[in-house]
Amino acid sequence: ASGRSRSRPRGAGGAVLLPSMLMFGVILASSGLLLMIEKGILAQVKPPPLQPVGGEGWRKGGGDRGVGDAPEELEAQLLRDIRNRTIRSVCGQPAMPSSLWDLPAGQRRTVLRHLLVNDKYRFLYCYVPKVACSNWKRILKVLDGTLESVDVKLKMDHKSDLVFLGDLRPEEITYRLDNYFKFLFVRDPMERLLSAYRNKFGEIKEYQQKYGVEIARRYRKNGGNSAGDDVTFSEFLRYLLDEEVERMNEHWMPIYNLCQPCAVRYDFIGSYERLKADADHVLHRVRSPPYIRFPERQPWYKPVTKETLHYYLCNTQRRLIKDILPKYILDFSLFAYPLPNVTSEFCRQ
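Everything numeric here is computed off the predicted structure, so don't read it as measured data. (Residues numbered from 1 in each chain as written. Predicted model: local features only at pLDDT ≥ 70, side-chain atom pairs only at ≥ 80, totals over all residues. Heavy atoms only, no water.)

K.L.:
Explanation requested: unusual backbone geometry in the structure shown.
P.N.:
Comment: phi is negative for the bulk of residues other than glycine, and the bulk of peptide bonds are trans. For glutamine 260, which is not a glycine, the phi torsion comes out positive at approximately 45°. Of note, glutamine 260 is situated in the loop between α10 (255-259) and β5 (268-271). The backbone of arginine 287 sits at a positive phi, close to 60°, despite the residue not being glycine. Residue classification places arginine 287 among the exposed residues on the basis of a relative accessible area of 71%. (Helix = DSSP H or I, 4+ residues; strand = E, 2+ residues; numbered from the N terminus. Buried < 20%, exposed > 50% of the residue type's maximum accessible area, 1.4 Å probe, protein only.)

Here it is in structure tokens:
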């Protein structure tokens, strides 16, 4: 892709994809990405601001509920274009799987356990923990008639009244993969890790006892007396470094391994950053009843802010952050998230 290359997003009314955006996508998809991480070249790479270039701006899409202003929609479309180009580039490599049946048995079981089925509205949703999956499961239950409303104040049961693709026979799986609308939602990898850390080790006793006690024992002098509720973020990252990706808990397993976007061709990849608008787009696309809406964020929920993420990253050894990146590099590259900036200058600010 040369600096002169330009691409017209579908339906963009004359807007073109900036060469700098194309270069960002090329860098992320390149085989030399890990070498660039090692040399620190990408420490401060971020997608440049996306603005409409010429033409009539972005045409609001097909009656989508919750569609925002034209520049915001253009920005979202450009980001989706980068993701699509990068996925095609990476997944087109000979060594990458081209279908679900190309995957080793263990990897195939993982994705089949995370693809939820709705036969009435003909869609498959790959749920990713810590990316609003509880609310999506509520919506699936409402669509199936097993839950009265998305606002029902009940603890989410993540197994009952849900149909997983892995529950079906091979020919039924193939039919749905070939004919149903398929989507997933993604999130900044480091933000997702921090969210999982704060939730599981700060609030959930089961995780403190199952994982926290072991982490303290393994990475701390005299850690045998810990109840698992005082695990530090650095200790958590050290634990992830020593874990095999395919054996990780789903709350911190990379999105790539959970949903296998090379083996499963998703029709839409929404993002946590545009959760409401992207969720409304999906609901419109699957022709859900108009009274069903994506649930509002609960008032008690404490989201991970950019400032909180920067605080944790800047107070963690840089070497540790650099070492963890290769395990999540496909999440960064395929979904076009910038690598974390932990330079001294940035952290002093």
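Alright, that's what it looks like, and here's the rest.
K.L.:
Teacher, can you tell me more about the sheet that holds strand β2 (residues 123-126) here?
P.N.:
Two strands in a sheet stick together by hydrogen bonds in their backbones, pointing the same way (parallel) or opposite ways (antiparallel). The strand order across the open sheet built from 5 strands is β3-β1-β2-β4-β5, with neighbouring strands paired in mixed fashion. Unpaired on one side and paired on the other, β3 (163-164) and β5 mark the two borders of the sheet. Looking at chain direction, strand β4 (residues 181-186) and β5 are connected through 4 bridges and run parallel. The residue bridging phenylalanine 183 from the neighbouring strand is phenylalanine 268, located in β5. (Pairing = 2+ DSSP bridges.)

K.L.:
Just to check I follow, could you spell out the packing of aromatic side chains for this structure?
P.N.:
Each aromatic ring pair is specified by the distance between its two centres and by the angle formed by the two planes. Taken as a whole and judged by the stated rule, the model has 23 aromatic pairs. Relative to phenylalanine 185, the ring of phenylalanine 183 lies with its centre 6.2 Å away and its plane at 85°, an arrangement referred to as edge-to-face. As far as the burial class goes, phenylalanine 183 and phenylalanine 185 line up, both buried. Each ring, one from tyrosine 211 and one from tryptophan 252, has its centre 5.2 Å from the other, and the planes form 85°; the classification is edge-to-face. Of the two residues, tyrosine 211 sits in helix α8 (residues 205-219) while tryptophan 252 sits in the loop between α9 (233-242) and α10, which places them 41 residues apart along the sequence. (Phe/Tyr/Trp six-rings, centres within 6.5 Å; stacked < 30°, edge-to-face > 60°.)

K.L.:
Would you mind going over the state of the cysteines with me for this structure?
P.N.:
By definition, a disulfide links the sulfur atoms of two cysteines through a covalent bond. A complete count under the given rule lists 3 disulfides for this structure. Covalently, cysteine 91 is tied to cysteine 262 through a disulfide, its sulfur atoms 1.9 Å apart. Handedness here is read from the sign of the S-S torsion; for cysteine 91 and cysteine 262, about -75°, the answer is left-handed. You can see cysteine 91 sitting in helix α3 (residues 70-91) and its partner cysteine 262 sitting in the loop between α10 and β5, a full 171 residues away along the chain. Of the residues examined, cysteine 91 reaches a relative accessible area of 15% and is grouped as buried. (Disulfide = S-S within 2.5 Å.)

K.L.:
Explain the pattern of salt bridges here, please?
P.N.:
Oppositely charged side chains can form a pair if their charged atoms are brought close together. If you walk through the whole model with that rule in mind, you get 16 salt bridges. With a shortest N-O distance of 3.2 Å, arginine 169 and glutamate 172 are connected by a salt bridge. A salt bridge links glutamate 214 to arginine 217; the nearest nitrogen and oxygen atoms lie 2.6 Å apart. Highlighted residues: glutamate 214 and arginine 217, both in helix α8, separated by 3 residues, approximately one helical turn. Here glutamate 214 falls in the partly exposed class, since its relative accessible area comes to 24%. Residue arginine 217 is classed as partly exposed on the basis of its relative accessible area, which comes to 49%. The network of salt bridges with shared partners includes Glu73, Arg80, Arg274 and Asp278. (Salt bridge = Lys/Arg side-chain N within 4 Å of Asp/Glu carboxyl O.)

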